[in-house]
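Chains, contacts and geometry: an overview
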Amino acid sequence: MAFALPDILGKCDSTLLKSTATEKDIIALCDEAKAARCAAVCVNSSYVPLVKRCLEGTDVKTCAVIAFPLGAMSTKGKVEESRAAVAEGADEIDMVIHIGRLLEKKYQYVQDEIASVVKATEGKIVKVIIETCYLTDDEKLLACDLAMNAGAHFVKTSTGFGEGGATVSDVALIRHSVGKKMGVKASGGIRTAQDASAMLEAGASRIGTGSLRGIIDSYS
């Protein structure tokens, strides 16, 4: 294994985004993330206050997803959800781009929307989910440029709710595109330590996973 387990876990955003998640589930997620010393706990925005309380006194960050998982919310809606999440304690924001607008080549719309969220979040980390499974390589590169131009901090591969998740080739492509200027978050289908290690080797700086226990148990 190229990475020690603590190094892998320290780059993980432990995630629970299912519609059936309960407060009890979220508390358990936070307890596990604290024990593993993860980078962040990533949840739907309604759970931000709970997560913030659970993580108080630790270095684990509170992360909220915005316009999840479709990205088709209005710009105003994304801005308001982002602003509310930050007000309630979110340290980081993972926003889904308007994928349809990108496919329609309405690039200024996409860039302006990202920039609006960056501005609304008052300097918090913004990760831009581009949902790579729906894009060509050229569109992925273009999405990276738009995110960078808009002042975002990370490009994230996937929601995990689309037709495909993170791939080593997509992570490498995104890293090549953004260089050292931005972080790269690999997310979607990462369930083992081997999966996570491969993404880190390809250039990921964060791992989004709903399978933290699988990563821990599979490490060897």
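Conventions and cut-offs
Residues numbered from 1 in each chain as written. Predicted model: local features only at pLDDT ≥ 70, side-chain atom pairs only at ≥ 80, totals over all residues. Heavy atoms only, no water. Helix = DSSP H or I, 4+ residues; strand = E, 2+ residues; numbered from the N terminus. Contact = heavy atoms within 4.5 Å. Lys, Arg positive; Asp, Glu negative; His and termini not counted. Charge placed at Lys NZ, Arg CZ, Asp CG, Glu CD. Buried < 20%, exposed > 50% of the residue type's maximum accessible area, 1.4 Å probe, protein only. Core = buried A, V, L, I, M, F, W, Y, C linked by side-chain atoms within 4.5 Å.

1. Focus on the overall build of the chain
Scanning the chain from terminus to terminus reveals 10 helices and eight strands. C-alpha extents for the chain along the principal axes are approximately 45 × 35 × 30 Å. A sequence separation of at least 24 residues applies to 69% of the contacts in the chain between residues at least 6 apart. Positive and negative charge centroids in the chain, built from 26 and 28 side chains respectively, lie 3 Å apart.

2. Remarks on the environment of Glu 80
Its place among the elements puts Glu 80 in helix α4 (residues 75–87). Judged by its relative accessible area of 41%, Glu 80 falls in the partly exposed class. Taking C-alpha positions, Glu 80 is 18 Å from Cys 42, a pair spaced 38 residues apart along the chain.

3. A short note on the nonpolar core
Residues Ile 26, Val 41, Ile 93, Ile 114, Val 128 and Ile 207 are the most contacted members of the largest nonpolar core, which totals 74 residues. Excluding its chain neighbours within four sequence positions, the residues that come into contact with Val 41 are Ser 14, Leu 29, Cys 30, Ala 33, Val 51, Leu 55, Val 60, Lys 61, Thr 62 and Cys 63.

4. Looking at the environment of Leu 212
Examined against the element boundaries, Leu 212 turns out to sit in helix α10 (residues 212–218). Take Leu 212: its relative accessible area is 2%, and that puts it in the buried class. With 203 residues separating them in the primary sequence, Leu 212 and Leu 9 have C-alpha atoms 8.0 Å apart. Excluding anything up to four places from it in sequence, Leu 212 contacts Leu 9, Cys 12, Ser 14, Glu 32, Ala 33, Ala 36 and Cys 38.

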